[in-house]
Amino acid sequence: MFPQPRRVGIFTLLTLVVSVGTTGATAPLSAAAREAASPPSASVAGQATASPAFSGTSPALSGTSPASSGTPTKVVVPALDDVFVSQAEPAKSFGAATWMSVCGATCGSSAAGRRVALARFRVSGIPAGAGNVTATLELTPTRTAATTLSAREVSGAWTETATTWRTRPELGKVLAKHTGFTAGRPVRLDVSPAISRDGAYSFALTQPDGTPTVLYSSRQRGDRGPKLTITYTTGATPCATLPFDKPSAAALRASAKKAFAFYFPPFPVSVDNKDPADDQYASWLDPAGSSGLYRSRGGYLRDRPLTRSVRPEAHWRRLDFEREVRQAIAQGLDGFIYQHHTSSDQRWNQLPQLLDAAEAVDPQFRIVLSPGFPAAAGASYTKMISDLLLVKGHPSLFTLPDGSVLLAPYTIERQPPSWWRAAQAALAARGMRTSLMSIFSYWDGRGRTEWDEYVYGHSSWGANRPGVTGGFVKAARAAHKRGLTYMAPIGFEDTRVKDLRYWEARNSSTLRGSWRAAIKGDADWVQLVTWNDYGASHQAPSKARGHALADVNAYYTTWFKTGAAPRIVRDALYYFHRGHKAGAPYDRSRQTAGGFTIAAGPGPVDQVELLAFVKGPGKLVITQGSDVRSKRVRAAGVVSFKVPMVPGTTPVFELRRGGETVQTLRSSTPIRAGVTYQDMIYHAGGGTACSA
């Protein structure tokens, strides 16, 4: 039996750092600049958390700029709830009291007489893009005392009517202190680090000495109770290619939550370092390419990585890996899960190049090994072991806290636990200690208990349609109940030209549903399924999708790691749609292998989707020729707007606000009434106004 690390959860309150506005705008980033973004960054130590609602280390936002010069706005917010609890009367609720008492442990000459006050506020009205946000907690004492009062963060739920000393929430760090009180004279404590946007906030009031500090209670004493004064300024928002201010790579990496992408070696940035017009990808996309092997279905692929010029360097493969590492870091990823085995096909033999590239770009970007292994019953693991030993000791390998190298085999269940146990023992005898993360072909939390004692955690593949994503919430909860780490799959679509099969992803629905399941289920890790399998499913920046998926993944990765949905500070429009209806006629004399069929799940959906990240109310408009549809948006957030596809048009997307058009986006993919060859992948594009 192998050591089995267990999952530990720590609850702390997320303190958000304010990103202030600026009166100027930077130049838009070109596509090339975006690809080169995210320079090397070091790891930052922080407190780990596994809470669904809170994160540990406060993420420092990147791209901050000088304060805007707008006129300050002040908002006063009275307490929504307040109460105090007493250690001397641990089961009593003081919710109906007209006052709150704060006192140290020796209060009332008792050795255990501590009293703590709690106050909760609902903040609303801070506009997207607000700068210089400050928050002051105002308290009015009823007695004069020379004590020191501390305002602290609070994590966990509580209610005014039911909270007692025994049920009180956990207290966090001290935000501010005040010494000396005069009856009837308000005092103010700066709690700005805890507040930067709309939301519910709670604070606790404590003191070390035994002299009671008595305060008015808001719900019973009106304007003399606790209140928050929020001030902010508004001004121009810095220009950037994401609709939110993404925390730095180091800040995101400090989270206990980890995000990986599954890397499929046959589809690197370039196979042969040739001109993109005449390289291997061009051949795979051409129906006549590959000696006509895939002519009957219109080629082997329907998309490819973003192209580049021919590289003169001998180590061009490593440079291509460096580019992909930077792209992954820009999405908030911590590493790749690399499917590894050696082969006569050199595409499978480049793991050392990837490891060196990761070390060169960012030593904290790590590679999880997903070993290729024989599936036949009784097969030898000798070659798998020799393949793994080729990279033994490389510093860019992902290792667990106990020093073991993590292996995450795809469809691990093709061999029984006893086979893996023997393989691990053989590796250990050669000086390579390992742990296992199972990746089952599909797992919704039921069964597979025979694996539990041998693995670090469980994961699943198969996030290929919206209907299955809910099962990953159950899987996360089941893994946690068993004391195991859970890695949730994040899928976008699965379309296999070679087999003429696909699963209906419903535009961006599968992607967003996968992320919601990971967040709702409190998954410990996630993996994008996959980064670059252009023959089935890919999420790396590509020719047919640009950076649309990368931007959406960056948003959800930030949410997953910080425990809070990022605030939208710039409008951004993204589209997702196919180039024709599923039933559009195709040339059967050319596509002779037959039409695409859906492998499982619901039937095809012929819709155009506008996925809008809006910083405030407005109206979304989708125009397809004479067909014009609109949707009213009432508040800031992420909004999906879908309309029926209109063949013979090229969709145009707009965001309107205050009677004016704020942003316009034209699709790069016309919708054709009929085609020569079917193309069932979803095309995508868009971004902020700075992304052009």
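Residues numbered from 1 in each chain as written. Predicted model: local features only at pLDDT ≥ 70, side-chain atom pairs only at ≥ 80, totals over all residues. Heavy atoms only, no water.

1. Points about the overall build of the protein chain
- Of the regular secondary structure elements, the protein chain holds twelve helices and 32 strands.
- Going through the 692 residues of the protein chain one by one, you find that 58% of them count as buried.
- Partitioning the intrachain contacts of the protein chain with sequence separation of at least 6 by distance along the chain shows that 79% fall at a separation of at least 24.
- When the accessible surface of the protein chain is summed, it comes to about 26,400 Å², and 52% of that surface belongs to carbon and sulfur atoms. (Helix = DSSP H or I, 4+ residues; strand = E, 2+ residues; numbered from the N terminus. Buried < 20%, exposed > 50% of the residue type's maximum accessible area, 1.4 Å probe, protein only. Contact = heavy atoms within 4.5 Å. Areas by Shrake-Rupley, 256 points an atom, 1.4 Å probe, with all protein chains shown as cover.)

2. Quick notes on the sheet that holds strand β8 (residues 187–190)
- Across the sheet, four strands lie side by side as β1-β11-β5-β8; this open sheet has antiparallel pairing. Lying at the two open borders of the sheet, with one neighbouring strand each, are β1 (73–78) and β8. Averaged over neighbouring strand pairs, the angle between their axes works out to 25 degrees when direction is ignored.
- Pairing of β1 with strand β11 (residues 227–233) involves six bridges; the strand directions are antiparallel. If you follow Pro78 over to β11, its bridge partner there is Lys227. (Pairing = 2+ DSSP bridges. Axes fitted to C-alpha atoms, helices over the stretch in contact; angles between N-to-C directions.)

3. Concerning the confidence of the model for the protein chain
- The pLDDT averaged across the protein chain works out to 87; a share of 88% of its residues lies at or above 70.
- Below a pLDDT of 50 lies the segment residues 1–69, which in the model reaches 173 contacts outside its immediate sequence neighbourhood of four places, other chains included. (pLDDT = per-residue confidence, 0-100.)

4. Details of the nonpolar core
- Of all hydrophobic cores here, the largest spans 92 residues; its most connected members are Phe336, Ile367, Leu369 and Tyr486.
- Looking at this core, the element that brings in the most residues is helix α12 (residues 548–562), giving seven residues. (Core = buried A, V, L, I, M, F, W, Y, C linked by side-chain atoms within 4.5 Å.)

5. Focus: the state of the cysteines
- Within the structure shown, the criterion is met by one disulfide.
- A sulfur-sulfur distance of 2.3 Å marks the disulfide that ties Cys103 to Cys107. Judged by the sign of its S-S torsion, about 100 degrees, the cystine formed by Cys103 and Cys107 is right-handed.
- A residue is classified by how much of its surface remains accessible, and Cys103, at 0% relative accessible area, is buried. (Disulfide = S-S within 2.5 Å.)

6. Points about the pattern of salt bridges
- Under the counting rule described, the total for this entry stands at 26 salt bridges.
- Between Glu493 and Arg545 there is a salt bridge, and its shortest N-O distance comes to 2.1 Å. In this pair, Glu493 sits in the loop between β18 (485–491) and β19 (494–496) while Arg545 sits in the loop between β23 (537–538) and α12, placing the two residues 52 residues apart along the sequence.
- The exposure class of Glu493 is buried, given its relative accessible area of 3%.
- Measuring nitrogen to oxygen at the nearest pair gives 3.2 Å for the salt bridge that ties Glu609 to Arg512. You can see Glu609 sitting in strand β26 (residues 607–614) and its partner Arg512 sitting in helix α11 (residues 509–520), a full 97 residues away along the chain. Here Glu609 matches Arg512 in class, with each residue buried.
- Among the charged side chains, a network of salt bridges with common partners joins Arg253, Asp334, Asp362 and Lys561. (Salt bridge = Lys/Arg side-chain N within 4 Å of Asp/Glu carboxyl O.)

7. Quick word on helix α8 (residues 417–429)
- Compared with an ideal rise of 1.5 Å per residue, which puts 13 residues at 18 Å, α8 spans 18 Å between its outermost C-alpha atoms and is within 8% of the ideal.
- Of all the positions in α8, only Pro417, Trp419, Trp420, Ala423, Gln424 and Leu427 are classed as buried. Down the axis of α8, the buried side of the element spans an arc of 155 degrees, and every buried residue falls inside it.
- Tucked inside the fold, the buried residues of α8 contact β14 (366–371), α7 (382–389), β15 (405–407) and β16 (434–440). (Expected span 1.5 Å × (residues − 1). Arc of directions from axis to C-beta.)

8. Some points on unusual backbone geometry
- Each neighbour pair has its own omega, and for Val529 with Thr530 the value is 0 degrees, a cis peptide bond.
- Considering the arrangement of structural elements, one finds Thr530 in the loop between β21 (525–529) and β22 (532–533).
- Of note in this structure, Thr411 is not a glycine but carries a positive phi near 50 degrees.
- Along the polypeptide, Thr411 turns up in the loop between β15 and α8.
- Classification of Thr411 as buried rests on a relative accessible area of 9%.
- Positive phi values are uncommon outside glycine, yet Leu500 reaches one of about 55 degrees.
- One can find Leu500 in the loop between β19 and β20 (501–503).
- Relative accessible area serves as the criterion here: at 5%, Leu500 is assigned to the buried category.

9. Description of the sheet that holds strand β2 (residues 81–86)
- If you walk across this open sheet you meet the five strands as β2-β4-β9-β6-β7, and the pairing is antiparallel. The outermost strands of the open sheet, each flanked by one partner alone, are β2 and β7 (170–181). Along the sheet, successive strands turn relative to each other by an average axial angle of 25 degrees, direction set aside.
- Judged from the four bridges that link them, strand β6 (residues 145–155) and strand β9 (residues 199–206) form a sheet pairing that is antiparallel. The partner of Arg152 across the bridge, within β9, is Ala204.

10. Comments concerning the packing of aromatic side chains
- Within this structure, the stated rule accounts for 43 aromatic pairs.
- Centroid distance Tyr281 to Tyr534: 6.1 Å. Interplanar angle 75 degrees. Geometry classified as edge-to-face. One end of the pair, Tyr281, is in helix α4 (residues 280–285); the other, Tyr534, is in the loop between β22 and β23, and 253 residues separate them in sequence.
- The structure contains a cluster of three or more aromatic residues connected by ring pairs, namely Phe244, Trp515, Tyr555, Tyr556, Trp559, Phe560, Tyr574 and Phe613.
- A cation over an aromatic ring shows up here: Arg448 above the ring of Phe440, its NZ or CZ 4.7 Å from the ring centre. (Phe/Tyr/Trp six-rings, centres within 6.5 Å; stacked < 30°, edge-to-face > 60°. Lys NZ or Arg CZ within 6 Å of the ring centre and 35° of its normal.)

11. Describing the side chain of Glu609
- Relative accessible area serves as the criterion here: at 0%, Glu609 is assigned to the buried category.
- At 3.2 Å, the side chain of Glu609 forms a polar contact with the side chain of Arg512.
- Side-chain polar atoms of Glu609 contact the side chain of Ser640, separated by 2.5 Å.
- Ignoring any residue separated from it by four or fewer positions in sequence, one finds Glu609 in contact with Asn507, Ser508, Arg512, Tyr574, Tyr575, Phe576, Ser640, Phe641, Lys642 and Phe653. (Polar contact = N/O pair within 3.5 Å; in protein donor to acceptor, adjacent residues only side chain to side chain.)

12. Description of the side chain of Ser192
- The residue Ser192 is located in the loop between β8 and β9 in this model.
- A polar contact is formed between the side chain of Ser192 and the backbone nitrogen of Ala135, at a distance of 2.9 Å.
- Here the side chain of Ser192 touches Asp190 through a polar contact of 2.5 Å, side chain to side chain.

13. Re the pairing of strand β5 (residues 131–139)
- With six bridges joining them, β5 and β11 adopt antiparallel strand pairing. Across the sheet, Thr134 pairs through a bridge with Thr231, a residue of β11.

14. Considerations on the environment of Ser248
- Of note, Ser248 is situated in the loop between β11 and α3 (249–253).
- Residue Ser248 is classed as partly exposed on the basis of its relative accessible area of 26%.
- Counting along the chain gives 81 residues from Ser248 to Ile329, while the straight-line C-alpha distance between them is 9.7 Å.

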